[in-house]
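Breakdown of the fold
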Amino acid sequence: MKNLTIITEFVLIGLSGNPQIQTMLFVLFLVIYLLTLMGNLMMILVIRNDSHLQTPMYFFLGHLSFLDLCLSSVTMPKMLQNLLAQKKTISTWGCVTQSFFLIFSGSTEACLLSAMAYDRYAAICHPLLYSVVMNRPLCVGMIIAAWAVGFLNSLPNSLFTYNLHFCGPSVIPHFCCELPSLFPLSCTDPTANEVLLAGSCALLGFVTLPLILFSYSRIISAILVIRSSGGQGKAFSTCSSHLTVVLLYYGTALFRYMTPLSGSKLEQVVSIQYSVITSLLNPLIYSLKNQEVKAALHKMLKQ
């Protein structure tokens, strides 16, 4: 161990080594990133500026948009830089920091999605008690709890990573620093880190996901009582799109952090789905299909 050379930076291979494909990927992901920034910033501005959108649902949607800005900005700028750079490196400190904020924002989003599902359950299944149940202190408390759980889920995993020693190889077969890709490069035994990561992600997923599934199952049961076929169809369409995005997010994130590393391209596709595509789709699925949001957006643009 005395003769080991401790490396100070990693090389991110990225999605492709072909320069032409890299240029195409740069254009594609730059467009995706700009659309993500524009969509989520627009949602935040609309919700803040329109007095009709000061309800618990839009309060949560505003925070979701901010969180999606954070989640996409953790990985996208560095990925875009590496797609054009000859030297695709990141410092060990920067790598661990990126993995910290990736788990932090991802875990917070999982908690926030469960809070939003409960909000919709209260609104649809208990409309008369909705304003009493989903009061301002409870909504603020749920937001604070989501951020706190995300921080507490990320911090131990990142601190334990500092106990690992990296002495080579220094090549990460990925476009960003995720802990599952980092552990195999350690010269010390990362078993404790792998157990901690899998356990913390499983605990978070198996607490928040059942709450989401319970809320939407009760919502669907309430929708079935609606006599109007048009109303049923619209409600089912909204719920199915929400649930599809949630399940894609949870499925890909849990797959990435709870399954053994294989080094396949599928792992990168899975990471793109939960850290990039979800942030792009959320404002479209949750907000911009909403008539109230469309009217507020039209009003803001006219002003």
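Nothing here was measured: the structure is a model prediction, and the numbers come from that model.

What counts and how
- The numbers attached to residues start from 1 for each chain and follow its sequence in the written order.
- Local features in a predicted model are, by the rule used here, given only for residues with pLDDT of at least 70; side-chain atom pairs are given and counted only at 80 or more, and totals for whole chains, interfaces and linings are based on all residues.
- Excluding hydrogens and water, the side-chain figures rest on all heavy atoms present in the structure.
- Where helices are involved, their axes are fitted lines through C-alpha atoms of the stretch in contact, as for all axes, and angles between N-to-C directions lie from 0 to 180°.
- Segments assigned H or I by DSSP are reported as helices when at least four residues long, segments assigned E as strands when at least two residues long, and all are numbered from the N terminus.
- When describing relative orientation, an angle under 35 degrees is termed roughly parallel and one over 145 degrees roughly antiparallel, while 65 to 115 degrees is termed roughly perpendicular and anything else oblique.
- By convention the crossing between two helices is left-handed if the near helix lies anticlockwise of the far one by an angle smaller than a right angle, and right-handed if it lies clockwise.
- In this analysis, two residues are considered to be in contact whenever any of their non-hydrogen atoms come within 4.5 Å of each other.
- Lys, Arg, Asp and Glu make up the charged group, whereas Ala, Val, Leu, Ile, Met, Phe, Trp, Tyr, Cys and Pro make up the nonpolar group; the residues left over, Gly among them, are polar.
- Put plainly, a pocket is an open set of points on a 1 Å grid over the protein atoms alone with protein on both sides within 12 Å along at least five of seven lines, a cavity is a set where a 1.4 Å probe fits but cannot get out, and a lining residue has an atom within 4 Å of a point.
- Grid points are joined across faces, edges and corners, and a volume is the space filled by probe spheres set on the points.
- Patches were defined on residues exceeding 30% relative accessible area and lacking a salt bridge, with like-charge contacts within 9 Å and nonpolar side-chain contacts (Val, Leu, Ile, Met, Phe, Trp, Tyr) within 5 Å.
- All accessible-area figures derive from a Shrake-Rupley calculation using a 1.4 Å probe, and residue coverage is judged against the displayed protein chains alone.
- Salt bridges, as used here, are contacts in which a Lys or Arg side-chain nitrogen is within 4 Å of a carboxyl oxygen on Asp or Glu.
- Three labels apply to residues, based on accessible area from a 1.4 Å probe with only protein chains included: buried if under 20% of the type maximum, exposed if over 50%, partly exposed otherwise in between.
- When two cysteine sulfur atoms lie within 2.5 Å, the pair is treated as a disulfide.
- Residues belong to a common nonpolar core when they are buried Ala, Val, Leu, Ile, Met, Phe, Trp, Tyr or Cys residues joined through side-chain atoms within 4.5 Å.
- Note: pLDDT gives the predictor's confidence per residue, expressed from 0 to 100.
- A helix is expected to span 1.5 Å for every residue after the first.
- Counted as a polar contact is a pair of N or O atoms within 3.5 Å, where, for protein atoms, one must be capable of donating a hydrogen and the other of accepting one, and residues adjacent in sequence contribute only when both atoms are in side chains.
- Any two strands between which DSSP finds at least two bridges are classified as paired.

**Let's talk about the packing of helix H2 (residues 56–84) against helix H5 (residues 136–161)**
Contact geometry of H2 with H5 gives a least axis separation of 10 Å together with a crossing angle of 20°. The pairing of H2 with H5 is recorded here as roughly parallel in orientation. Along this stretch, H2 crosses H5, giving a crossing that reads as right-handed. Between H2 and H5, the residues in contact are Pro 56, Phe 59, Phe 60, His 63, Phe 66 and Leu 67 and Arg 136, Cys 139, Val 140, Met 142, Ile 143 and Trp 147, respectively. Across the contact of H2 with H5, the residue classes tally to 10 nonpolar, one polar and one charged.

**Concerning empty space enclosed by the protein**
Following the criterion strictly, the structure yields three cavities of 30 Å³ or more and no others. Listed by contribution, the elements that provide at least two residues to the lining of the largest cavity are helix H3 (92–125), helix H7 (191–224) and helix H8 (229–258). When the residues that make up the lining of the largest cavity are grouped by side-chain class, the tally is 11 nonpolar, five polar and no charged. Computed from the structure, the second largest cavity encloses a volume of approximately 60 Å³. In terms of lining residues, the second largest cavity is bounded by Ile 13, Gly 14, Leu 15, Ser 16, Gln 22, Met 79, Asn 82, Leu 83, Lys 88 and Phe 175.

**Points about a nonpolar patch on the surface**
A contiguous nonpolar surface patch, about 480 Å² in accessible area, is contributed by Leu 128, Leu 129, Val 132, Val 133 and Leu 138. Along the chain, Val 132 turns up in helix H4 (residues 130–133). With a relative accessible area of 58%, Val 132 lands in the exposed category.

**Examining the state of the cysteines**
Among covalent bonds in proteins, the disulfide is the one between the sulfur atoms of two cysteines. Going through the model one piece at a time under the given rule, you end up with two disulfides. Covalently, Cys 167 is tied to Cys 187 through a disulfide, its sulfur atoms 1.6 Å apart. Since a negative S-S torsion denotes a left-handed disulfide, the Cys 167-Cys 187 link at about -115° is left-handed. Taken together, the residues Cys 167 in the loop between H5 and strand E3 (171–172) and Cys 187 in the loop between helix H6 (179–182) and H7 connect sequence positions 20 residues apart. Across the protein chain, the way the bonded cysteines pair up, counted in sequence order, is 1-3, 2-4.

**Quick notes on the nonpolar core**
One broad rule of soluble globular proteins: the nonpolar side chains tend to lie buried together. Counting residues in hydrophobic clusters, the biggest one holds 81 residues, and the most contacted among them are Phe 10, Phe 29, Phe 60, Leu 113 and Tyr 250. With 14 residues, the top contributor of residues to this core is H3. Residues contacting Phe 29, with those up to four places away along its chain left out, are Leu 15, Met 76, Met 79, Leu 80, Ile 272 and Val 276.

**Considerations on the confidence of the model for the protein chain**
Looking at the protein chain, pLDDT values average 85 and 93% of them are 70 or higher. Mean pLDDT across the elements of the protein chain ranges from a minimum in H8, with 76, to a maximum in H5, with 93.

**Focus on helix H1 (residues 19–49)**
Taking 1.5 Å of rise per residue, the 31 residues of H1 would be expected to cover 45 Å, and the 44 Å separating its terminal C-alpha atoms lies within 8% of that figure. Looking at where H1 begins, the residue whose side-chain oxygen comes 2.9 Å from the main-chain nitrogen of Gln 20 is Asn 18.

**Quick word on the sheet that holds strand E2 (residues 89–91)**
Think of a sheet as strands paired side by side through backbone hydrogen bonds, with each pair either parallel or antiparallel. Spatially, the three strands line up as an open sheet ordered E2-E1-E3, and their pairing is mixed. Lying at the two open borders of the sheet, with one neighbouring strand each, are E2 and E3. Strand direction decides the pairing type here: strand E1 (residues 9–12) and E2, joined by three bridges, are antiparallel. Counted as the bridge partner of Phe 10 is Ile 90 from E2.

**A look at the environment of Phe 214**
Inspection of the secondary structure puts Phe 214 in helix H7. Of the residues examined, Phe 214 reaches a relative accessible area of 41% and is grouped as partly exposed.

**What about the layout of surface pockets?**
Taken as a whole, the second largest pocket encloses approximately 330 Å³ of empty space. In terms of lining residues, the second largest pocket is bounded by 16 residues, among which Ile 47, Gln 54, Tyr 58, Phe 59 and His 63 are the most central. Going through the elements one at a time, H1, H2 and H5 are the ones with two or more residues in the lining of the second largest pocket. With six residues, H2 is the largest single contributor of residues to the lining of the second largest pocket.

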